[in-house]
Amino acid sequence: MKESGDFGKERRSRRFHFIAQAALMVGLAIGANFLATRFFGRWDLALPENYTLSAETKKVLEKLEKPIDVIVTIPDNVNPDQSRLLKRLLLDLKFLLASIEEKSSTKGKVRAHYVNVFKRQGANEEIVAKYELREQNQVIIACEDRLLTIFSFEETNQNGSLGVESEDPSNNTRLFATLESKGLYGGWEEDTLGRPVPTIFRGEEILLRAFRKVSREPIGSRKAYFLIGHGEMNLSSWNETRGLSEMKNFFDGLDIESKEFMLGSGQSVPEDANLVVIASPQVRLSEEEAFVLQGYLSDRRGSMLLMLDPVRGLEDHGLTSLLRLWGLSCDDMRLVEPSVEKSNLAPYATLSFNRNEMHPIVSYLAKHDIPLWLFPQASRGRPVFTRTGQASERVTVTTLLNSSQASWAEHDWRLPGIVDNPNRRSDPLNEAGPVPFLAAVERKVRSKHGIDIPGGKLIAVGNSSLFCNLGLSQNGNRTLFSNATHWLLDENEFLDVPPKPIRRYEMSLDATEYRSLLYHLGIVPALVALIGFSRRVLRRDS
């Protein structure tokens, strides 16, 4: 047997080891925190890098010359009645702004402030007073004396609650409409309870655009002009397939003013036009009108979005000469998709990306195989062929989209029943698929100093439903239109700022199932604790 002195030494030795181990752990924790204050790093382990900034955003942050404040006045609380959409927005903004602050931390150019407008103390009071904040649920970008509100939502309740549990259910509907109109979220779906939930977050693009706007000297509003007078799609219409109200809302979000114009005798494209849109004319354009549009593209180095549909009563759209100079041809043919001809009114996604010449407009969509949807009423669209041999000098033509391999472009499409004959694909007058459907053209002009400068841009698409109201409600279509718009306006820094996918997991439980889950989750920890306590008691007794 051991002497009592030996037991005393062993107890003192154990006590010393315990104290030494505790001191070592505390020292390690202090050292780790000290190093963390000196060296900061973040790693995005989420797939596909949901919180990693794009290369273009990093470039813009590096070039910022003036500090920018991002003020978020959305309450950060545990109120169960607060809208889940508002909580979702706050969470996504926190992750995004943390990444932005990190990339600009060396200069401190971007600073995020989460503010309670009703709290008057410390730094919170300073920000509230500096920007005279009075309202909750806002996101404001500020640089010196320039302020830009990218999100604002006013509650109708007196108690400040929102959502489906709120006393005013219309709040949730208005919040959904606000988020959609501001473009912060997209790809809306319904969850198991029938509530709208987003699948993508566009906050990076929205913030990047706001940073550029407030950090630069104010300039005049950009303008997009829509040609009318030939039965074109209606800019203010909410019609699903012939309306362009969603396009107008999108331009509003980019601070682009949408206007309409006509080309009568002696008239020209307005001098302040940054972009011209010709949306599915149903009547032939005159030679004079085509000449004016060609002058806008070539002489004024303008940008144009051209949407041409096959029209049963219109064989010649009047733009053949213009398109020829730009290396394109939109012949009087109709695309035939055998797999979907029997469901003419149903949306379909048979378009494929041209991966041989990957253009920045479609690179993100092609990389992630994001589908593009068409919503035809009477046709599948018309082909957009490349005819570079007839183009003017220094014109670069890139096909962006093709129809399916089984499709073809039908020359005699007006004849009844002819599109139902699969043998027509091999007809010598027709063009076998895949058929080009969307093309982008860029022209360069050589200056007197021998430098190439932009000489105009044109995008031609063979089916207007790609960008109609229904089309722009789809994630892929909206991303394609966003990239096309930025490319036409020479805003290439926004072409590589893709929306972030939102991963959503749901568990629907009633009260009984919830209690049962808690009991089952608590069994294992309880058993471990019981076993540990029993061993402790048995050792003490022995």
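Scoring rules and cut-offs
Residues numbered from 1 in each chain as written. Predicted model: local features only at pLDDT ≥ 70, side-chain atom pairs only at ≥ 80, totals over all residues. Heavy atoms only, no water. Helix = DSSP H or I, 4+ residues; strand = E, 2+ residues; numbered from the N terminus. Buried < 20%, exposed > 50% of the residue type's maximum accessible area, 1.4 Å probe, protein only. Areas by Shrake-Rupley, 256 points an atom, 1.4 Å probe, with all protein chains shown as cover. Axes fitted to C-alpha atoms, helices over the stretch in contact; angles between N-to-C directions. Parallel < 35°, antiparallel > 145°, perpendicular 65-115°, else oblique. Left-handed = near helix turned anticlockwise from the far one by under 90°. Contact = heavy atoms within 4.5 Å. Nonpolar A, V, L, I, M, F, W, Y, C, P; charged D, E, K, R; others polar. Expected span 1.5 Å × (residues − 1). Pairing = 2+ DSSP bridges. Core = buried A, V, L, I, M, F, W, Y, C linked by side-chain atoms within 4.5 Å. Arc of directions from axis to C-beta. pLDDT = per-residue confidence, 0-100. Patch = residues over 30% accessible without salt bridge, like charges linked within 9 Å, V, L, I, M, F, W, Y side chains within 5 Å. Salt bridge = Lys/Arg side-chain N within 4 Å of Asp/Glu carboxyl O.

**Some thoughts on the overall build of the protein chain**
Each helix and strand counted, the protein chain has 13 helices and 22 strands in total. Residues classed as buried in the protein chain amount to 47% of the 542 residues present. As presented, the protein chain carries roughly 29000 Å² of accessible surface, and 54% of it is formed by carbon and sulfur atoms.

**Examining the packing of helix α7 (residues 245–253) against helix α12 (residues 475–488)**
At a closest axis distance of 12 Å, the pairing of α7 and α12 adopts a crossing angle of 55°. In terms of axis orientation, α7 runs oblique to α12. As α7 packs across α12, the resulting crossing turns out to be right-handed. Contacts between α7 and α12 involve E246, M247, F250 and F251 from the former and R478, F481, S482 and T485 from the latter. For the contact of α7 with α12, the per-class residue count stands at four nonpolar, two polar and two charged.

**As for helix α8 (residues 287–298)**
Counted at 1.5 Å a residue, the expected span for α8 with its 12 residues is 16 Å, and the 16 Å between its end C-alpha atoms agrees. Here α8 lies mainly inside the structure; nine of its 12 residues are buried. Taken together, the buried positions of α8 are E289, A290, V292, L293, Q294, G295, Y296, L297 and S298.

**Focus: the packing of helix α2 (residues 55–63) against helix α6 (residues 203–215)**
It is at 11 Å that the axes of α2 and α6 come closest, and there the two elements cross at 25°. Accordingly, the angle class assigned to the pair α2 and α6 is roughly parallel. Where α2 crosses over α6, the two elements pack in a sense that is left-handed. Counting all contacts with α2, which are made through T57, V60 and L61, the residues of α6 involved are E204, L208, F211 and R212. A class-by-class count of the residues in the contact of α2 with α6 yields four nonpolar, one polar and two charged.

**So, the sheet that holds strand β2 (residues 110–114)**
On the basis of which strands lie adjacent, the open sheet formed by four strands has the order β2-β1-β3-β4 and mixed pairing. Unpaired on one side and paired on the other, β2 and β4 (146–152) mark the two borders of the sheet. For this sheet the average axis-to-axis angle between neighbouring strands, irrespective of direction, equals 15°. Relative to β2, strand β1 (residues 68–72) is paired through five bridges, and the arrangement is parallel.

**Brief notes about the nonpolar core**
If you look at the biggest cluster of nonpolar residues, it comprises 50 residues, and the most contacted ones within it are M247, L401, L466, F467 and L480. Here this core takes five residues from α12, the largest share from any one element. Beyond its immediate stretch of four places on either side in the chain, L401 contacts L351, S352, F353, L372, V435, P436, F437, L438, L466 and L480. Ranked by size, the runner-up nonpolar core spans 35 residues in total, among them I68, L89, L96 and F153.

**Looking at α2**
Of all the residues in α2, the buried ones are E56, T57, V60 and L61. Down the axis of α2, the buried side of the element spans an arc of 140°, and every buried residue falls inside it. With respect to the buried face of α2, the exposed residues turned more than 90 degrees away are E62 and K63. Buried residues along α2 sit in contact with α3 (84–103), β2 and α6.

**Focus on the sheet that holds strand β14 (residues 334–336)**
Each strand in a sheet pairs with another by means of backbone hydrogen bonds, the pair being arranged parallel or else antiparallel. The strand order across the open sheet built from three strands is β14-β18-β19, with neighbouring strands paired in antiparallel fashion. A strand with exactly one partner marks an edge of an open sheet, and here the two such strands are β14 and β19 (431–432). When β14 meets strand β18 (residues 408–410), the two strands line up antiparallel, connected through three bridges. In the strand pairing of β18, V336 is matched with W408.

**Considerations on the confidence of the model for the protein chain**
This prediction gives the protein chain a mean pLDDT of 81; 82% of its residues lie at or above 70. The model gives residues 42–48 a pLDDT under 50, and that stretch makes 12 contacts with residues more than four places away or in other chains. Here residues 158–167 scores under 50 on pLDDT; set against residues more than four positions off or in separate chains, the count is 25 contacts.

**Quick look at unusual backbone geometry**
Omega for the bond connecting G433 with P434 falls within 30 degrees of zero, at 0°, which places this linkage in the cis form. Along the chain, the position of P434 falls in the loop between β19 and β20 (436–446). Backbone geometry at N137 places phi at a positive 60°, although glycine is not the residue there. By relative accessible area, which is 1% here, N137 ends up buried. Positive phi outside glycine occurs at S280, with the angle close to 55°.

**Remarks on a nonpolar patch on the surface**
Residues I523, V524, L527, V528 and L530 make up a contiguous nonpolar surface patch of about 470 Å² in total accessible area. Its place among the elements puts V524 in helix α13 (residues 511–541). We classify V524 as exposed; its relative accessible area is 54%.

**Here's the deal with the pattern of salt bridges**
Evaluated as defined, the whole model comprises 19 salt bridges. Note that D412 and R424 form a salt bridge whose closest N and O atoms lie 3.4 Å from each other. Taken together, the positions of D412 in the loop between β18 and β19 and R424 in the loop between β18 and β19 put the pair 12 residues apart, joining distant regions of the chain. Judged by relative accessible area, which is 26%, D412 ranks as partly exposed. Linked through salt bridges whose partners overlap, the residues forming this network are K223, E257, K259 and D272.

**Some points on the environment of A409**
Structurally, the position occupied by A409 is in strand β18. Residue A409 is classed as buried on the basis of its relative accessible area, which comes to 0%. With 77 residues separating them in the primary sequence, A409 and D332 have C-alpha atoms 9.4 Å apart. Setting aside chain neighbours within four positions, we find A409 in contact with M333, R334, L335, P383, F385, N430, E431 and V435.

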